[in-house]
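Observations on the model geometry
Given next are the chains, with one letter for each unit.
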Amino acid sequence: MQGFIININKARDEDLIVTVLCEERLQTLYRFYGSRHSTINIGYLIDFEVQQNLKTTISQLKNVLHLAQSWNFVSEKFYIWQEFIKLFYPHLKDVEHIDKFYFELLKKASEKWQKQNAKRVAVESYLEILIHEGRLHNTANCFLCDRKIEDRVALARAYLPAHIDCIYDSGYKMESIEKFFKTKNSFHLDNADIERLYRTLCEGV
Ligand SMILES: [Zn+2]
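Residues numbered from 1 in each chain as written. Predicted model: local features only at pLDDT ≥ 70, side-chain atom pairs only at ≥ 80, totals over all residues. Heavy atoms only, no water.

1. What to know about the packing of helix α3 (residues 100–112) against helix α4 (residues 118–132)
One way to put it is that α3 packs onto α4 with a least axis distance of 10 Å and a crossing angle of 160 degrees. Compared by their axis directions, α3 and α4 come out roughly antiparallel. The crossing of α3 and α4 is right-handed. For the pair formed by α3 and α4, the contact residues are Phe-101, Tyr-102, Leu-105, Lys-108, Ala-109 and Lys-112 on the first element and Val-121, Ser-125, Glu-128, Ile-129 and His-132 on the second. A per-class count over the contact of α3 with α4 returns six nonpolar, two polar and three charged. (Axes fitted to C-alpha atoms, helices over the stretch in contact; angles between N-to-C directions. Helix = DSSP H or I, 4+ residues; strand = E, 2+ residues; numbered from the N terminus. Parallel < 35°, antiparallel > 145°, perpendicular 65-115°, else oblique. Left-handed = near helix turned anticlockwise from the far one by under 90°. Contact = heavy atoms within 4.5 Å. Nonpolar A, V, L, I, M, F, W, Y, C, P; charged D, E, K, R; others polar.)

Next comes the structure, spelled out in structure tokens:
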């Protein structure tokens, strides 16, 4: 089975409780400490086996193989990946059946991560999540005061549109955000805009 590690908690001694996002569900598994084991990290795509344990409710994570991509060893890129992928845990941890969409989205993003600006890939992927979950608001009205937004739009957490004065943010050109939301492509946004959109994303999926 394959999946992305989206959370790791320490258990007793040096054992770990690991949550893996697979195609159709989240698996939370127990990993016994062992010096023979390879190290694992949040963000890794792994191939693994699950061993049921009759004595406990939690199954064991076994035979882990890190399906590494070259950028996994580029610390700056990998750090952004970890920051991004960690957001999926609070978002999905209570969902029983996971839509294939999330695994496929991460797979697609991880393939782009090497060549493209990582934060740009994250921001574009997040937009796809909002659209998929039906949570993307159009930019016509401010989510706080409900009045029409004119030339500049600010984006709050979950890219909720607002007046720049309502959330005390310098905002973006309305047409740039409209184009981004419509095309799902951030090509016309500069790196400074991407940086700010990424910071908003990090407030929570
Ligand atoms: Zn407003």
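2. Here we look at empty space enclosed by the protein
Inspection of the entire model under this criterion finds one cavity of 30 Å³ or more. Of the voids in this model, the largest cavity is the one considered here, and its volume is about 30 Å³. Lining the largest cavity, in full, are Phe-4, Gly-43, Leu-45, Leu-67, Gln-69, Trp-71, Asn-72, Trp-81 and Ser-110. When grouped by side-chain class, the residues that make up the lining of the largest cavity number five nonpolar, four polar and no charged. (1 Å grid on protein atoms, 1.4 Å probe; cavity = no way out; pocket = protein on both sides within 12 Å on 5 of 7 lines; lining within 4 Å. Points joined across faces, edges and corners; volume = space filled by probe spheres on them.)

3. Overview of the layout of surface pockets
Space inside the second largest pocket adds up to approximately 160 Å³. Surrounding the second largest pocket, Arg-31, Phe-32, Arg-36, His-37, Ser-38, Gln-60, Leu-61, Lys-62, Asn-63 and Val-64 form its lining. The element best represented in the lining of the second largest pocket is strand β5 (residues 60–66), accounting for five residues. Classifying every residue of the lining of the second largest pocket gives three nonpolar, four polar and three charged.

4. Here we look at the coordination of the zinc ion
Every protein donor of the zinc ion is accounted for by Cys-142 (SG), Cys-145 (SG), His-163 (ND1) and Cys-166 (SG), and the metal-donor separations fall at 2.1 to 2.4 Å. Bound by four donor atoms, the zinc ion shows angles of 93 to 117 degrees at the metal and therefore tetrahedral coordination geometry. All donor residues of the zinc ion come from one chain, and their arrangement in sequence is C-x2-C-x17-H-x2-C. By relative accessible area, His-163 is classed as buried at 14%. Its relative accessible area of 26% is what places Cys-166 among the partly exposed residues. (Donors = N, O, S within 2.8 Å, 3.2 Å for Na, K, Ca; no water. Tetrahedral: all angles 85-135°; square planar, octahedral: opposite > 155°, others 65-115°. Buried < 20%, exposed > 50% of the residue type's maximum accessible area, 1.4 Å probe, protein only.)

5. Considering the domain arrangement of the protein chain
Looking at the protein chain, the domain boundaries give domain 1 (2–70) and domain 2 (71–202). A separation of 28 Å is found between the C-alpha centroids of domain 1 and domain 2. Facing the 23 residues of domain 1 at the interface are 26 residues of domain 2. Buried area between domain 1 and domain 2, summed over both chains or domains, comes out near 2,000 Å², and the portion from carbon and sulfur atoms is 65%. The three residues of domain 1 that bury the most area against domain 2 are Phe-4, Glu-23 and Gln-69, which together make up 29% of that side's buried surface. In this assembly, domain 1 and domain 2 are joined by zero salt bridges. At the junction of domain 1 and domain 2, the tally comes to ten residue pairs in polar contact (both at pLDDT 80 or more). Mapped by element, the contributors of at least two residues to the side of domain 1 that touches domain 2 are β1 (2–10) and β2 (16–21). Tallied by class, residues from the side of domain 1 that touches domain 2 come to eleven nonpolar, nine polar and three charged. (Domains from an automatic or database assignment. Buried area = accessible area lost by both parts, 1.4 Å probe. Salt bridge = Lys/Arg side-chain N within 4 Å of Asp/Glu carboxyl O. Polar contact = N/O pair within 3.5 Å; in protein donor to acceptor, adjacent residues only side chain to side chain.)

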